[in-house]
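In case you want the letters, here they are:
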Amino acid sequence: LTTNFSPDFLAQRSADWDNDNAHACSFASGCGLMSWINWYERELGQSWEGMEACQLGDTVGMLLDLDEGTLSVYRNNRRLGVMKDGLS
């Protein structure tokens, strides 16, 4: 998320979304850092509890839990932790 995608996100916003903030998150597999952006602000290269870098051949998975409002990261079927919360 080094590029400012806010104008693209804002262009897709509709009245159906009320005033909710939708987030886009990215995971830098080489170092494990997380970046996120919402409609008006962004955080780049953030550390998070459980973060790990991935190696060539690793399998990365993500679980978006809309009930809890969390995005968890998995590496080789092992849960690393919650990368981002506050998503609901």
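A brief report on the enclosed structure follows.

Criteria and thresholds
Residues numbered from 1 in each chain as written. Predicted model: local features only at pLDDT ≥ 70, side-chain atom pairs only at ≥ 80, totals over all residues. Heavy atoms only, no water. Pairing = 2+ DSSP bridges. Helix = DSSP H or I, 4+ residues; strand = E, 2+ residues; numbered from the N terminus. Axes fitted to C-alpha atoms, helices over the stretch in contact; angles between N-to-C directions. Core = buried A, V, L, I, M, F, W, Y, C linked by side-chain atoms within 4.5 Å. Buried < 20%, exposed > 50% of the residue type's maximum accessible area, 1.4 Å probe, protein only. Phe/Tyr/Trp six-rings, centres within 6.5 Å; stacked < 30°, edge-to-face > 60°. Lys NZ or Arg CZ within 6 Å of the ring centre and 35° of its normal.

Topic: the pairing of strand S4 (residues 60–65)
Then, in step 1: Of the pairings in the sheet, the one linking S4 to strand S5 (residues 70–75) comprises six bridges and is antiparallel in character. In the sheet register, Val-60 faces S5, and the bridge partner there is Arg-75.

Quick word on the sheet that holds strand S6 (residues 78–84)
Then, in step 1: Across the sheet, which stays open at both edges, the three strands sit in the order S4-S5-S6 with antiparallel pairing between neighbours. Strand pairing shows two members of the sheet lacking a second neighbour, S4 and S6, which therefore form its edges. Shown here is a sheet whose adjacent strand axes are inclined to one another by a mean of 25°, direction ignored.

Quick word on the nonpolar core
Then, in step 1: Phe-27, Met-34, Trp-36, Trp-48, Cys-54, Leu-71, Val-73, Leu-80, Met-83 and Leu-87 form the largest nonpolar core, which has 10 residues in total.
Then, in step 2: For this core, the secondary structure elements donating two or more residues are strand S2 (34–37), S5 and S6.

Some points on unusual backbone geometry
Then, in step 1: One non-glycine residue, Asn-76, lies in positive phi territory at about 55°.
Then, in step 2: For Asn-76, the position within the fold is in the loop between S5 and S6.
Then, in step 3: Here Asn-77, not a glycine, exhibits a phi torsion of approximately 65°, which is positive.
Then, in step 4: Mapped onto the secondary structure, Asn-77 falls in the loop between S5 and S6.

As for the sheet that holds strand S1 (residues 24–27)
Then, in step 1: With respect to topology, three strands assemble into an open sheet ordered S1-S2-S3, the strand pairing being antiparallel. Unpaired on one side and paired on the other, S1 and strand S3 (42–46) mark the two borders of the sheet. Mean inter-strand twist for the sheet, computed between neighbouring axes without regard to direction, equals 10°.
Then, in step 2: Where S1 meets S2, four bridges bridge the pair, whose relative direction is antiparallel. Across the sheet, the residue bridging to Phe-27 is Met-34, located in S2.

Concerning the packing of aromatic side chains
Then, in step 1: A complete count under the given rule lists one aromatic pair for this structure.
Then, in step 2: Summarising the aromatic geometry, the rings of Phe-27 and Trp-48 are spaced 6.3 Å apart at their centres and angled 65° between planes, so their arrangement reads as edge-to-face. Within this pair, whereas Phe-27 is found in strand S1, its partner Trp-48 is found in the loop between S3 and S4, the two being separated by 21 residues in sequence. Of the two residues examined, Phe-27 and Trp-48, each falls in the buried class.
Then, in step 3: Looking at Lys-84, its charged tip hangs above the ring of Trp-36, at a distance of 4.2 Å from the centre.

Read these as geometric descriptors, not functional statements.
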